[in-house]
Amino acid sequence: MVRLDTIETPAILLDRTVLERNIAAAADRAAAHGLQLRPHVKSHKSVAIARMQVAAGACGITVAKSSEAEVFIRGGIADITVAYPLIDPGKITRLLMLAKEHGTRLNLIVDSAVGVDAIGTAARDMAFETNLMVKVDVGLHRCGVDPSGDDAVTLARMIANRARLTFGGIISHAGHAYSAADRDAVVAIAREEQTIMRDVADRIAAAGMPVPCTSVGSTPTVWACDRYENTTEIRPGNYVFMDLVQASLGLITKADIALTVLATAVSCNDTHAIIDAGSKVLSSDRGPHGSARLTSYGLAVPVGTDHPGMPVVSLSEEHGFVAHGGQCPAIGDRLRIYPNHACPVVNLARAFQVIDENGKCELWPIDAHGTVF
Ligand code: PLP
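Figured I'd write up the structure that's included with this text. (Residues numbered from 1 in each chain as written. Predicted model: local features only at pLDDT ≥ 70, side-chain atom pairs only at ≥ 80, totals over all residues. Heavy atoms only, no water.)

Considerations on the layout of surface pockets
Threshold: In the cavity and pocket records, a cavity denotes points on a 1 Å grid over the protein atoms alone where a 1.4 Å probe fits but cannot get out, a pocket denotes an open set with protein on both sides within 12 Å along at least 5 of 7 lines, and lining residues are residues with an atom within 4 Å of a point. Grid points are joined across faces, edges and corners, and a volume is the space filled by probe spheres set on the points. Amino acids are sorted into nonpolar (Ala, Val, Leu, Ile, Met, Phe, Trp, Tyr, Cys and Pro), charged (Asp, Glu, Lys and Arg) and polar (every other residue, Gly among them). Segments assigned H or I by DSSP are reported as helices when at least four residues long, segments assigned E as strands when at least two residues long, and all are numbered from the N terminus.
Its boundaries defined by the atoms lining it, the largest pocket holds a volume of some 740 Å³. H40, K42, A64, R142 and H289 are, among the 30 residues lining the largest pocket, the residues nearest its centre. The class makeup of the residues in the lining of the largest pocket is eleven nonpolar, eleven polar and eight charged. A volume near 180 Å³ is recorded for the second largest pocket. Lining the second largest pocket are 15 residues, and of these P10, A11, I12, A349 and A351 lie nearest its centre. Listing elements by their share of the lining of the second largest pocket, those giving two or more residues are strand 1 (11-15), helix 10 (279-282), helix 11 (342-348) and strand 16 (351-355).

Side note on the sheet that holds strand 8 (residues 214-216)
Spelled out, the test is: In short, DSSP must find at least two bridges between two strands for them to pair.
One open sheet holds the eight strands; their spatial order is 2-9-8-7-6-5-4-3, and the pairing between them is parallel. Each edge of the open sheet carries a strand with a single partner, namely strand 2 (36-37) and strand 3 (61-63). In this sheet, strand 8 lies alongside strand 7 (residues 165-171) in parallel orientation, the contact comprising two bridges. Note that in strand 8 the partner of I170 across the bridge is T214.

With respect to the side chain of R235
For clarity, the cut-off: For every residue, the accessible area obtained with a 1.4 Å probe (protein chains only) is divided by the maximum for its type, and the residue is called buried under 20%, exposed over 50%, and partly exposed between those limits. His is not counted here, nor are the chain ends, while Lys and Arg score as positive and Asp and Glu score as negative. Definition used for salt bridges: Asp or Glu carboxyl oxygen within 4 Å of a side-chain nitrogen of Lys or Arg. Contacts described as polar in this section are N or O atom pairs within 3.5 Å, which, within protein, must combine one atom able to donate a hydrogen with one able to accept it, while residues neighboring in sequence count only if both atoms come from side chains. For this analysis, residues touch if any pair of their heavy atoms sits within 4.5 Å.
Its location among the elements puts R235 in the loop between strand 9 (233-234) and helix 9 (244-248). Notably, R235 is buried but unbridged: the nearest opposite-charge side chain belongs to E233, and the N-O separation is 5.2 Å. Among the polar contacts listed, one links the side chain of R235 to the side chain of S215, at a separation of 2.8 Å. If we ignore the near neighbours within four places in the chain, the residues touching R235 are R38, H40, T62, I171, S172, H173, S215, V216, G217 and S218.

Here we look at the site of the ligand
Rules: Any residue with a non-hydrogen atom lying within 4 Å of a molecule or strand is treated as near it. Here, Shrake-Rupley sampling with a 1.4 Å probe gives the accessible areas, and only protein chains in the shown set may cover a residue. Whether a molecule sits in a cavity or pocket is decided by its atoms, more than half of which must lie within 2 Å of the grid points.
Near the ligand there are 14 residues, and of these K42, R142, Y178, T219 and G237 occur at the shortest range. Measuring from an oxygen atom of the ligand, one finds a side-chain N or O atom of T219 at 2.6 Å. About the coverage of the ligand: the protein hides 91% of its 390 Å² of free accessible area. Applying the majority rule of atoms within 2 Å of the grid points places the ligand in the largest pocket.

Things to note about the packing of aromatic side chains
Both the distance between ring centres and the angle between the ring planes are used here to describe each pair of aromatic rings. What counts, and what does not: Any two rings among Phe, Tyr and Trp, with Trp reduced to its six-membered ring, count as a pair given centres within 6.5 Å; such a pair is stacked if its planes are under 30 degrees apart, edge-to-face if over 60, and tilted if neither. We call a charge positioned over a ring when the NZ of a Lys or the CZ of an Arg lies within 6 Å of the ring centre and within 35 degrees of the ring normal.
According to the stated counting rule, one finds two aromatic pairs in the structure shown. Between F241 and F352, the ring centres sit 5.8 Å apart and the planes meet at 50°, which makes this aromatic pair tilted. Here F352 lies in strand 16 and F241 lies in the loop between strand 9 and helix 9, a separation of 111 residues in the sequence. Of the residues examined, F352 reaches a relative accessible area of 0% and is grouped as buried. Above the face of the W223 ring, R29 is positioned so that its terminal group lies 4.7 Å from the ring centre. Taking the ring centre of Y338 as reference, the NZ or CZ of K254 above it sits at 5.2 Å.

Things to note about the packing of helix 4 (residues 89-102) against helix 5 (residues 113-126)
Using the following cut-off: Helix axes are fitted to C-alpha atoms over the stretch in contact, other axes to C-alpha atoms as well, and angles between N-to-C directions run from 0 to 180 degrees. Oblique is the label for any angle not covered by the other classes, which are roughly parallel (under 35 degrees), roughly antiparallel (over 145) and roughly perpendicular (65 to 115). Whether a crossing is left-handed or right-handed is set by the direction in which the near helix is turned from the far one by less than a right angle, anticlockwise for left-handed and clockwise for right-handed.
At their nearest, the axes of helix 4 and helix 5 sit 10 Å apart, and the two run at 40° to each other. One finds that helix 4 runs oblique with respect to helix 5. Relative to helix 5, the crossing made by helix 4 is right-handed. Residue-level inspection shows I92, T93, L96, M97 and K100 of helix 4 in contact with helix 5, the latter providing A118, I119, A122, A123 and M126. Here the contact of helix 4 with helix 5 is built from residues that sort into eight nonpolar, one polar and one charged.

Below, the structure is given as structure tokens:
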């Protein structure tokens, strides 16, 4: 049996109990508010975890890229939203062919006529019914139509008029909530998103097209809210792991963080313990969407202690610098690093070491490793 004290470092540790608790918390929240839950699996890239989410009540999953979708289609997930504006005919054709072969319900998104045309052409040529949602910009200013203009209605009509396309509703992502000052500011962003989405849905419906789904979601807006008006679906992703960024927004405590990096102190000097996890393991990410609330690269807690944590103050590729404040861990000591942002850490790795409540570890593959295209 593999145990925590025998696994080689650095390793991505996943506390199974906390993971299951986080999965259940989102499912309970969705059920309590009569919402569909469609978790974003870019956070974990694991077919096993996606299946746990579906078993807990998720209606399907969200992915970021077409290559990521392909892994989960092959993994047997039956209902997938690709929340990314696909415009490349080659990628779209490959994705639709695979979805057709596996009988997967596919929901794609657009924010341009170029997208409707590319997806509509592939769906028609392949005779594959595809749901197409219109992406609305609710303040992140990344992708999405301007909600104050007519583009949402125009695109919905274009979709409704194309053979093999079904207008699937509207979708948004308030990622700017990561830069909010505190929990109350996150709630204000979520409320604003709900108002914008209601207004867009009303205008599309008034133009004669029913809006079957209004999909919103980020972990902060979903976790901070106690009311989800004008919403039928939520798409949190990071919540399965949580991380220091979510804690810094006042949404969780360290006890809710399922993912840590197990590292070893390999050297020590007057100011820093040097650990065997650098930017190639922890990533250099201080937070999603450039949020700069956190100034270090994680918190290092010696294994088996309730130490409040020492900051990982800088990184080279294979080394992390832990400021020990005069009390250096011994060389060979193991530390658990709580990451700022769990998702990029997973993106760099190939497997999780999943620990159960008895300290037994099991290796789970990160199936969609490298699916960035
Ligand atoms: N939906 C979209 C379109 C996203 O880009 C993301 C995250 O990047 C999410 C949902 C999930 O957000 P989070 O990881 O904050 O839960």
